[in-house]
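Understanding the architecture of this molecule
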Amino acid sequence: MVEYQPTAGVATSVVAIGSWHSMTISTELRNLPSVERVVNGEMLSAAVDAHGREVVVELTREVLGGIRKSVLAGNAAPPGLQIAEAVLDLIAGLSEPSPRPVINATGVVIHTNLGRAPLSDAALAAADAVGRGYSDLEIDLGTGRRGSRQAHLQSLLRRLTGAEAALAVNNNASALLLGLSALAAGREVIVSRGEAVEIGGGFRIPDVLRQSGCTLVDVGTTNRTYVRDYADAMNDQTGAFLKAHASNFRVEGFTAFVDERDLVALGETSGVPVLHDVGSGALLPTERYGLAHEPTPQESIAAGVGLVFFSGDKLLGGPQAGIVVGKRDLVAQLERHPLARAVRIDKISLASLTATLAHYVMGEAETRVPVWRMISATAEDVRARADKWRVTLANHQVEAGVEPARSAIGGGSLPGETLPSWALAINPSANGTPEAILSALRGQPTPVVARIEEDTVRLDPRTVLPEQDDDVINAVAAVLAR
Ligand SMILES: *Cc1c(COP(=O)(O)O)cnc(C)c1O
């Protein structure tokens, strides 16, 4: 609930002594207008016509309730006009879209707090078309009979990963929960100690295993695990081997991790499937862009893994989704499990995911999928944009520099890996503290989220969409012109 906050002008303090004080308070309270009087006032008549009396009465009640509390705390009551204004502010707030669009000038491509991957035009158009009306979500237009919502993705994902079957659900966390519940509930799941990790947001592999009704059997050590560790721990209670990509940290130095192929070979002898959570769902080779190799779903499928799990909104560059690809009989077990209904993907995400996957099939992901457009931009491309910003600002008498920077991939992908980049740099000494500049940028009509490095506010063009250039320039100009 939004409460009335007394403004500085209104909060003239009442001297808090004895009975004079309580008398003032009771007089103030008595003098407050009734809900009826405020609602019937001229200022709210248009709002009553537009939204109906009920909601205006409700919001007026909230505002007056807030004022009563404020008066009891020793503040003066605001004049009648301000009460109606506060109600109008609440009404305006209710119709503002939330979450609001912001500009990501942090240089972190997959920024979870900023909504991860921006969608391609085609993905947005697909979501719009399906959201606006009815669709063949679960109907086979050939036969007129009931179809499966998963059918829309099957052939694309088979083509892209080489898997026999595929399933998309709400997100990767729920995909894992579903996979482990369906295949290994009541049984043991063997995990390397180096992979019993926390992904972020309190999502921990051991907790997901417990929640799925599996018993975690951890083997090896944090830095080294061998196939024989899995072999030694295997028994007739083993339900699966689980591999999880350490997507948000790096183990360096004296390390040994088990190759998927060896694990697949070990499991095959007794029908134990290998489940691999690859995390970010990179379908393109990250090394092409000078980054470390990020495991791809297609590699795991080629290695014979039973099921591969990944997110839709990290390096895949689509909407929030969890994707499972792998062996037909295993995917079918997931589809039949009661949890599948609880974590199913909605039609809007499904439509935009399908459109995103189509970019990869058509060989146009690098130019059409925003995260790959950002990753594939060269340092020189980024520098040219930063320079363009600087020159435009200089024409408005606003001083800023252009400095070398590093852009991060983020979002649980490629930990520690950065791309050489350039950034617009705002010198703090002349313009207030870096923190004050960051906060003022966030307060602009289109909020801009930047970062501080070496006591300088930096705006990295790599993660700013091309159509947002003017908004960035206006925001910086407004902040520095103060
Ligand atoms: C990000 C991540 C997850 C969680 O995926 P969501 O789509 O956010 O639910 C799980 N495992 C790994 C390895 C990840 O990197």
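Refer to the structure presented above.
This paragraph deals with unusual backbone geometry. Here the residue pair Ser 98 and Pro 99 is connected by a cis peptide bond, since its omega of 0 degrees sits within 30 degrees of zero. Relative to the assigned elements, Pro 99 resides in the loop between helix 5 (80–94) and strand 1 (103–104). You will see that Glu 454, though not glycine, has its phi angle at about 50 degrees, which is positive. Mapping Glu 454 onto the fold places it in the loop between strand 14 (451–453) and strand 15 (456–459). Of the residues examined, Glu 454 reaches a relative accessible area of 68% and is grouped as exposed.

The subject of this paragraph is the sheet that holds strand 10 (residues 322–326). Judged by pairing direction, the sheet is mixed, and its seven strands sit side by side in the order 2-10-9-8-7-3-6 without closing on themselves. Since the sheet does not close on itself, it has two edges, and those belong to strand 2 (165–169) and strand 6 (215–219), each with one partner. For this sheet, the mean inter-axis angle between neighbouring strands, taken without regard to orientation, is 20 degrees. Pairing between strand 3 (residues 188–192) and strand 7 (residues 238–244): four bridges, direction parallel. By the bridge assignment for strand 7, Val 191 is matched with Leu 242.

Counting residues in each nonpolar core, the largest one holds 53 residues, and the members touching the most others are Phe 241, Val 325, Leu 353, Leu 357, Trp 372 and Ile 375. Residue assignment places this core across two domains, with domain 2 (121–368) and domain 3 (373–481) each supplying three or more. If you look at the next biggest cluster of nonpolar residues, it comprises 30 residues, including Ala 182, Cys 214, Leu 242 and Ala 340.

Cut-offs used in this document
- Position labels on residues start from 1 in each chain and follow its written sequence.
- Where local features are concerned, this predicted model is filtered to residues with pLDDT of at least 70; where side-chain atom pairs are given and counted, the filter is 80 or more; whole-chain, interface and lining totals use all residues.
- Hydrogens and water are ignored here; the side-chain numbers use all heavy atoms of the structure.
- Every helix listed is a DSSP run of H or I at least four residues long, and every strand listed is a run of E at least two residues long, numbered separately from the N terminus.
- Relative accessibility decides the category of a residue: with a 1.4 Å probe and only protein chains considered, values under 20% of the type maximum give buried, values over 50% give exposed, and everything between is partly exposed.
- Two strands make a pair as long as DSSP finds a minimum of two bridges between them.
- Here, axes are lines fitted to C-alpha atoms. For helices the fit covers the stretch in contact, and angles between N-to-C directions go from 0 to 180 degrees.
- For this analysis, a nonpolar core means a set of buried residues of the types Ala, Val, Leu, Ile, Met, Phe, Trp, Tyr and Cys, connected via side-chain atoms within 4.5 Å.
- Residue ranges labeled as domains rest on an automatic or database domain assignment.

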